[in-house]
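A structural walkthrough
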Amino acid sequence: MASTLDFRTHADQSCRYSEEFVNIYYDCMDKKRRNLTRLYLDKATLVWNGNAVSGQEALSEFFESLPSSEFQVQTLDCQPVHEQATQGQTTLLVVTGGIVKFEGNKQRFFNQNFLLTAQASPNNDQPVWKIASDCFRFQDWRLLEPFPSHCWRKSGNSLRGHQSVAEELDCPIRAD
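Let me begin by describing the structure that accompanies this report. Note that this is a predicted model, so its numbers are computed, not measured.

Attention now goes to helix α2 (residues 56-65). Of all the residues in α2, the buried ones are Leu-59, Phe-62 and Phe-63. Down the axis of α2, the sector holding all buried residues measures 95°, keeping them to one side. Facing away from the buried surface of α2 by more than 90 degrees, the exposed residues are Glu-57, Glu-61 and Ser-65.

Turning to the pairing of strand β5 (residues 108-119), a few remarks are in order. As judged from the 10 bridges shared by strand β4 (residues 91-102) and β5, these two strands associate in the antiparallel manner. In the strand pairing of β5, Leu-93 is matched with Leu-115. Hairpin connection of β4 to β5: 5 residues between the antiparallel strands, including Gly-104 at a positive phi of 85°. Direction of pairing for β5 relative to strand β6 (residues 128-139): antiparallel, over a ladder of 11 bridges.

Our next topic: the nonpolar core. If you look at the biggest cluster of nonpolar residues, it comprises 32 residues, and the most contacted ones within it are Tyr-25, Tyr-40, Trp-48 and Phe-63. Counting only elements with at least two residues in this core, the list comes to α1 (2-31), β1 (40-48), α2, β3 (69-81), β4, β5 and β6. Element by element, the count of residues in this core is highest for α1, at 7 residues. Non-local contacts of Tyr-40, meaning those with residues more than four positions away in its chain, are made with Tyr-25, Gln-56, Leu-59, Phe-63, Lys-130, Ile-131 and Asp-134.

Cut-off values and rules
Residues numbered from 1 in each chain as written. Predicted model: local features only at pLDDT ≥ 70, side-chain atom pairs only at ≥ 80, totals over all residues. Heavy atoms only, no water. Buried < 20%, exposed > 50% of the residue type's maximum accessible area, 1.4 Å probe, protein only. Helix = DSSP H or I, 4+ residues; strand = E, 2+ residues; numbered from the N terminus. Arc of directions from axis to C-beta. Pairing = 2+ DSSP bridges. Core = buried A, V, L, I, M, F, W, Y, C linked by side-chain atoms within 4.5 Å. Contact = heavy atoms within 4.5 Å.

See below:
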C-alpha cells in the first residue's frame, strides 16, 4: 500500500510540475521568446516537424526566426518516466496538443512532447525542470475516402484495412 501511495504522490507532483511548466513555456513562446532557451538543457535537442536543432545558440536562432505566435493548449498529459529508463535521473514526459496561429499563417493543430529532467536548485528544495528533448509537430487533418472492398485483407473473422500499402501499390491486397 505504501508504494501505491508513493506512486500516486509522485504522479500528482508530476502533474503539478507539468502544468506549471506548460504555462511558463507557452507564455515564453508567445510573449518572451528571447528567454525560451533558458528552459532547455545546454545540449537539448528540438525536433520541429522533423528538423533537428541542438544546443543553446542554434535553439535561440531558431526561435527568433519564427513569426510571433498565439498558442492555445487544449490537452495536457504527463507521467513520470521510470528511473531505470533514465539512469536514475528524475524525468517527466509531458505531451501537449492544441491550436497555434503564427503571424501571417493559418491556424493549425499541433502536438508537442517534452522530456523534462529535474535539476537541483541551490535556493529551493523544489527541482528546476529543464527540457532535455522537445518534439513539435503540426497536425494537419484530412478525411480519407473509404477503401473499395478489394483493398481489404481478410484476417481471421475480421477485415483489416492496409491504406498506406494499398495507396502505394495501387490496391494489390485482395480479399481471400
